[in-house]
Amino acid sequence: MRPLTDDETKTMFEKLSKYIGENIKLLVDRPDGTYCFRLHNDRVYYISEKILKLATNISREKLVSVGTCFGKFTKTQKFRLHITALDYLAPYAKFKVWVKPGAEQSFLYGNHVLKSGLGRITENTAQYQGVVVYSMADVPLGFGVAAKSTQECRRVDPMSIVVFHQADIGEYIRSEDTLT
Amino acid sequence: MGRKLDPTNKVKRGPGRKARKQKGAETELAKFLADEETGPKRLSSRARKRAAKRSQASNQHKEEAETEQTKKGFTDENSEWLKPAKRKRPVDESEGEDDSDTEWEEEEDLEEEEGAEMEQGDGDEDEDDDDDDDEMVDDYGAMEDSSEGEEDDGEAGSDGEELLPIERAARKQKKLQEAMEQDSEEEEDEEEEEEESGDEHADEDDTVQANIDEVDRFKLPGAEEREKEGLLPIDLKSIYQRIKDNVDVLSNFASKREEGKERAEYLSLLKKDLCTYYSYNTFLIEKLLDIFPVSELIDFLEANEIQRPVTIRTNTLKTRRRDLAQALINRGVNLDPLGKWSKVGLVIFDSSVPIGATPEYLAGHYMLQGASSLLPVMALSPQEGESVLDMSSAPGGKTTYMAQLMRNTGVIVANDASADRLKSVVGNIHRLGVTNTVICNYDGRQFPKVMGGFDRVLLDAPCSGTGVISKDPAVKTSKDEADIQRSAHLQKELILSAIDSLNAESATGGYLVYCTCSIMVEENEWVVDYALKKRNVKLVPTGLDFGKEGFTRFKERRFHPSLRLTRRFYPHSHNMDGFFVAKLKKFSNTVPTTPAGQTAEEDKVPAETETPAPSKESPTKPESKMAAGMYLEHYLDSIENLPFELQRNFQLMRDLDQRTEDLKGQIDSLAREYTANARTLSSEQKLSLLRQIQQSYSKCKEFGDDKVQLAMQTYEMVDKHIRRLDTDLARFEADLKEKQIESTDYDSTSSKGKKSESRGPKEKKVARTRSKVKNSDDDGSPKNGQKKVKLIHTGEFNAPSVNFGNVHPSDVLDMPVDPNEPTYCLCHQVSYGEMIGCDNTDCSIEWFHFACVGLTTKPRGKWYCPRCSQERKKK
C-alpha cells in the first residue's frame, strides 16, 4: 500500500471530475477527519487516516481491501472507476439521469440506457458528460456517459441510446470476483 | 412460519395469507381475554362488518355459526385441541381449505370463510383488500412503536407479543402436554404434536386414532422380524408409526413397556428407525439423543426437514425498515417484521421476484441473512467508535450488521481464512456502503500476533454445522466423531487467540462473542469452558431474552455453572437455525500460566471420555430405582465371564510355572553333570554343555516373561471392570442428583454446588484410577500389583478426604492415574504437573510437587526439600 504518485493522482482526479466536477475537494477535505487515497494491488482505496494506521499492521499479501475501493489502474496506466465508488459519486454528481422502472432491470443487466427508458435528465447535460444513473425512486443504480446532449435527447427516436453504460450495481452479483 | 412456504398449503380463496397472519394476534388476544368469552360478545370493527354480512346470509349459515359458537364454550386447555380436530374433518375435506393451523380457529374465522364462500367474486376480493389494509396499518404501527421506544411495551401488555410465533406454539404445546399427562392420554398428545410439526403426515392421524381404539400395545419386533425387514423394501410409513409408538413407550416406560424388554432394546430400535426414516448416520443420531429427550428429538429432526423462512436485514446505513418494506411490497413481496427482538429484520413469506436480485438488494438496502446470525451481533452490541474484530467474517452478514450498529464509525477488522470467501465480504461491504472496514486474510489463530487491543471480538467459529441441517443435509451423513473433535480443537485454538486479541482495559468493551451454528456440546459449552479455564475471562449475559440456557452438565462432563448464561437456539423451538451464542468479558490482560503437564492432559481427556459412550445411556432419565437395577444388571452381565477368564489365565500361568520348574530341574542336573565331569571333559564338550544350560535358562526366562504378560493381562481385565464400575457409579450418582434437583426446587444451586464439591475428591480418585494403565511400570511383581489395587481402593474408602495440596480440583479432575504408579512428595501422591527433585542424594522422597513445596517456578541453584533443609540446618 502506498500513496499515489502525482501522475496517478492526476489521472484519477481527471476521471472523477467527469462525474462530480469540483466536488472532488469535498472528498479530500472532509470535516470529519482526514481521508486519503492509497494504492494497493493497482486498486485505489479511499480511507480515513485512522483506519489507515490500523491497516499498516497487515502485511501486503494478506490485505484484501480497506475502506472503499474507487477503481483500478489498468496495465496501461489508465484509471477505471468501479461500481464500488458509486456511494461517493452519487451524492456529489453534477449530472444525473433517471431511468423508468421498466428500464431499470435492463440497465442492471449491463445494457445502455435507451431513449424509451429515460425518465428524466439533468438540464444542459453535454454529450459525453459523465452521469450517474438513478431509478425513479432516487436509488443510484450506476453511472455512465451521456451519448447525447439533453437537447438532442428530446428529438431522437425511442430506440436510440442516450447513456452509455459504464458500471451498474448489478455487478455486485455479476462480477463479484473482480470487484477487488 | 416455515410452513407458509409450503406450496401444498396454498389457500385458494377466502381471506388472504396476511389476513390469516393477523388471526394469530387475534387469537392471542382472545386467549388473554378468555374469561370474558362466556359474557356478551365484544365486537371488533371487523366483527361488526362480518355481522352485517352475516345478516344477509341464510339461516342455515347462522345455525352453523351458532354451533361453532357453542363449541367455543370450552374454557380449559382442551378446547384448543378439541376444536381444530372437530373442525378439521368437515371443513377440510369438503372445501379443501387450509388445514390444521390451531392458531386460526375462533369462530370469527369460520364465519369469515363462510361469508367469503357465500359472496364469492367481488365481495371476496373486497374483504381481502380490507384485511390487507388493516394489516399494514396495524403492523407498521407496531413497528413504529418498537423503533421509537422499546421501553413502552406495556401498551402491548402481553408477554405473548414478545415471543416468536413458533415459541408461542411451543409454549402452547408444552401446556397441552402437561394437561395431557394429567389425563394420561399420550396418544392425543401425539396427534397434537403432529399437527404442529408438519402437515405432510396429517393423513396419518387416522392411523393413530385407530391405534388408540385397538388399545394395541407397541411390541418390540424380534430379531428374526428385523432380519426379514432388511430383505423387504423399506416401508417408511410403518417405520414412522413405529418411531411414534416407540417414543410413546419410552416416555412412559414404567407403564407401557413390554415385560422383560429393556430400555436399551427400545432405544436401539428407535435409533435404527430414526436413521432409516430421516437418513442420518448412527453417530449423529446418538449424539442428538444425548442432547435432546426422545420426543424433542423427533421435533428437531422434523424441523430439519423444513426450510427456515427467508429473512432479510435492513441496512440502516442506507434506508429504514419501513421504507424498505414498502418498496419490497410494491415489488410483490409478502413480508412481515421478524419479531419484537429485532428492529431490522423482515421475514419473507413469498415473493414474485428473486429476493437476492432486486434493485433494492443491489443498492444495498438489505442483506439476505438468517435470523440466527443477527443474534451474535446483537449480543456483541458494538458501540460507535470502537475497534472490533470479526475473526471469520465471510460472507460479511455479521460484519455489515456490526458496521450499521456502529454507524460506520470506528474500525472493523474483517478477517477470514479463505481468500475465496473474502470476495463476497468485499462485495457485500461495498454494496451496503460500509466504509470502516479493513479486510484481511489471516488464519484466525495467528491473530494476536498481527494486531491486538480490540474492544470487541466476534468469533463465529467454523463448525460441523449440525444446527443448519435444513440448509445442508449432507451433514446428516458426513460427520463422525473425528470431525467433531477436529473442529472442537480448532475452535479451542481460535477462542484463545480471540481472547488474546481483546483489550481487557478497554473503557467500553473487552467483550468476546463466541458463536457456532452447531448444537454439539463439544463445540460449544466445552470450548467456552476450556476458555474459562485457560484465560482470565468470565461469562456475562448475552442480552438475548430468548433461547435456551447452555448446558452446565452433559453426560459425565460438568461445566462451569456460569455456562447457564450462554444461549442455545434450535430449529424446532425458535424456527431459526440451530445456534449457540456465548458472551465473554475479559477482565485481565495477563495470561494465567498453567503447569506444563496440564495442557497435555487437557487434550487427552476428550478422547478418554468420549470413546466409551455406552448405548444404554438414555436421555430421558428412568426411575432411579430402575436405573440402579439397570446399571447393576449391565454390570453383572459384563462381569459374568470374569471368573472363567481369570481361571483360564491362572491355569496358563500355573502351566508355565510347572514348565519352568521342570526346566530348572533339567538345568540343575546339567549343572551337576557339568561340575562333576568338568575336569574330564574336553573344552568343546564343556562348551556345548554350557550352551545347553544357557539355552535352558533363556527358555526359563521366556516362560517367566510370558507369565508376567499373562499377569498383566489379567490385571488389566480386572482393572477394566473396576473402571467400568466407577464410571457407572459416577453416572448413576449424576442421575440421582438430577432426580434430586428435579424433585426439589431448581434454583437451589448453592446446595448443588456444595454437593459437587464434596463429590470432587472422590471423582478425582475414580478418574485417577483410570488410564496410564498402558504405560504402567512393571517394577513390582504383577501378582502383587493385583493385590495392591484392592489395597489402594480400600485405603481410599477409609480415608476419603485426602488432600491434594493446593492444586485446583479441575486440574486433577478426570486425570486418569494408574493405582500402582509410584507415589512421591510429602503428600504421597503420584506425580503430576511440574515436579522438583531434592538435591540431597540421600533424600527419602526425592521428588516433590511444585504446589506442595510452595513453588511456582523452578528455583535457581540447589534446592532441598523441607525435611532435608531442616536436617542440614541441624548439622
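Residues numbered from 1 in each chain as written. Chains lettered and ligands numbered in written order. Predicted model: local features only at pLDDT ≥ 70, side-chain atom pairs only at ≥ 80, totals over all residues. Heavy atoms only, no water.

- Per an unreviewed UniProt entry, chain B carries the name Inhibitor of growth protein and comes from Megalops atlanticus.
- For chain B, the Subunit (unreviewed entry) comment in UniProt is given as "Component of an histone acetyltransferase complex. Interacts with H3K4me3 and to a lesser extent with H3K4me2."
- Turning to chain B, the UniProt record has this under Subcellular location (unreviewed entry): "Nucleus, Nucleolus". (UniProt positions renumbered as here; feature names shortened; annotations may be inferred.)

- The name given to chain A in an unreviewed UniProt entry is 60S ribosome subunit biogenesis protein NIP7 homolog, with Megalops atlanticus as the source organism.
- In the Subcellular location (unreviewed entry) part of its UniProt record, chain A is described as follows: "Nucleus, Nucleolus".
- The UniProt entry for chain A carries the following text under Sequence similarities (unreviewed entry): "Belongs to the NIP7 family."

1. Considering the overall build of chain A
- Along chain A, the regular secondary structure elements total seven helices and 12 strands.
- In chain A, which comprises 180 residues, the proportion classed as buried is 50%.
- When contacts within chain A are restricted to residue pairs at least 6 apart in sequence, long-range pairs at least 24 apart make up 59% of them.
- Surface summary for chain A: the accessible area is close to 8,700 Å², and the carbon and sulfur share equals 51%. (Helix = DSSP H or I, 4+ residues; strand = E, 2+ residues; numbered from the N terminus. Buried < 20%, exposed > 50% of the residue type's maximum accessible area, 1.4 Å probe, protein only. Contact = heavy atoms within 4.5 Å. Areas by Shrake-Rupley, 256 points an atom, 1.4 Å probe, with all protein chains shown as cover.)

2. Some points on the UniProt feature "active site" (unreviewed entry) in chain B
Residue and element names in this part refer to chain B.
- The positions that UniProt labels "active site" (unreviewed entry) are, in the present scheme, C517.
- Topologically, C517 is positioned in the loop between strand 9 (511-516) and helix 25 (525-534).
- Residues within four places of C517 in sequence aside, it is in contact with C463, G465, T466, G467, V468, G578 and F579.

3. A closer look at the pairing of strand 10 (residues 130-135) of chain A
Residues and elements named next belong to chain A.
- In terms of burial, strand 10 is largely enclosed, as six of its six residues are buried.
- Of the two faces of strand 10, both are covered, the one formed by G130, V132 and Y134 as well as the one formed by V131, V133 and S135.
- Sheet topology note: the strand 7 (residues 96-99)/strand 10 ladder contains four bridges and is parallel. Note that in strand 10 the partner of W98 across the bridge is Y134.
- In this sheet, strand 11 (residues 140-146) lies alongside strand 10 in antiparallel orientation, the contact comprising five bridges. Paired with V133 across the two strands is G142, which belongs to strand 11.
- Count of turn residues in the strand 10/strand 11 antiparallel hairpin: four residues, of which D138 carries a positive phi of about 65°. (Pairing = 2+ DSSP bridges.)

4. Things to note about the interface of chain B and chain A
- In this assembly, 30 residues from chain B lie in contact with 31 residues from chain A.
- Both sides together, the interface formed by chain B and chain A hides about 2,500 Å², and carbon and sulfur atoms give 66% of it.
- In this assembly, chain B and chain A are joined by two salt bridges.
- In this structure, B:R331 and A:E104 form a salt bridge, with 3.3 Å as the shortest nitrogen-oxygen distance.
- The interface formed by chain B and chain A holds nine residue pairs in polar contact (both at pLDDT 80 or more) in total.
- Sorting the residues of the side of chain B that touches chain A by element identifies helix 18 (359-362), strand 6 (411-415), helix 21 (419-431) and strand 7 (437-440) of chain B as the ones contributing at least two each.
- Among the elements that take part in the side of chain B that touches chain A, helix 21 of chain B stands out by supplying seven residues, more than any other.
- Its residues assigned to classes, the side of chain B that touches chain A shows 15 nonpolar, 11 polar and four charged.
- With three bridges connecting them, strand 4 (residues 63-66) of chain A and strand 7 of chain B associate as antiparallel partners. Looking at strand 7 of chain B, one finds that A:S65 is bridged to B:I439. (Buried area = accessible area lost by both parts, 1.4 Å probe. Salt bridge = Lys/Arg side-chain N within 4 Å of Asp/Glu carboxyl O. Polar contact = N/O pair within 3.5 Å; in protein donor to acceptor, adjacent residues only side chain to side chain. Nonpolar A, V, L, I, M, F, W, Y, C, P; charged D, E, K, R; others polar.)

5. Considering the side chain of B:N304
- Position of B:N304 relative to the elements: it lies in helix 16 (residues 294-304).
- By relative accessible area, which is 4% here, B:N304 ends up buried.

6. Some details on the pairing of strand 1 (residues 310-314) of chain B
Residue and element names in this part refer to chain B.
- The buried fraction of strand 1 amounts to four of the five residues, a majority that puts the element mostly inside the structure.
- For strand 1 and strand 3 (residues 342-351), the ladder comprises four bridges, and the chain directions are antiparallel. Note that in strand 3 the partner of V310 across the bridge is I348.
- Relative to strand 4 (residues 366-368), strand 1 is paired through three bridges, and the arrangement is antiparallel. Within strand 4, the position partnered with I312 by the bridge is L368.

7. Details of the sheet that holds strand 5 (residues 68-73) of chain A
Residues and elements named next belong to chain A.
- One open sheet accounts for five strands, arranged 1-2-3-5-6; its pairing is antiparallel. Each edge of the open sheet carries a strand with a single partner, namely strand 1 (2-3) and strand 6 (79-81).
- Note: strand 2 (residues 35-40) against strand 3 (residues 43-48), six bridges, orientation antiparallel. Considered in strand 3, the bridge of F37 is made with Y46.
- Helix 1 (residues 6-20) contacts strand 1, strand 2, strand 3, strand 5 and strand 6 of the sheet and is inclined by roughly 35° relative to strand 6. (Axes fitted to C-alpha atoms, helices over the stretch in contact; angles between N-to-C directions.)

8. A short note on the packing of helix 15 (residues 282-291) of chain B against helix 16 of chain B
Residues and elements named next belong to chain B.
- Contact pair helix 15 / helix 16: the axes reach a minimum separation of 9 Å and the direction vectors enclose 125°. In this view, helix 15 runs oblique relative to helix 16, as classed from their interaxial angle. Once helix 15 is placed against helix 16, the crossing between them reads as right-handed. Residue-level inspection shows I285, L288 and L289 of helix 15 in contact with helix 16, the latter providing V294, L297, F300 and L301.
- Looking at the contact of helix 15 with helix 16 residue by residue, the classes come out as seven nonpolar, no polar and no charged. (Parallel < 35°, antiparallel > 145°, perpendicular 65-115°, else oblique. Left-handed = near helix turned anticlockwise from the far one by under 90°.)

9. Focus: the confidence of the model for chain B
Residue and element names in this part refer to chain B.
- For chain B, per-residue confidence averages 71 on the pLDDT scale, and residues scoring 70 or more make up 61% of the total.
- Predicted confidence for residues 58-161 stays below pLDDT 50, and this span has 151 contacts to residues more than four positions away or in other chains.
- Contacts from residues 184-215, a stretch scored under 50 in pLDDT, to residues over four places away or in other chains number 61 contacts.
- Interface confidence for the predicted complex, expressed as ipTM, amounts to 0.96; the pTM equals 0.57. (pLDDT = per-residue confidence, 0-100.)

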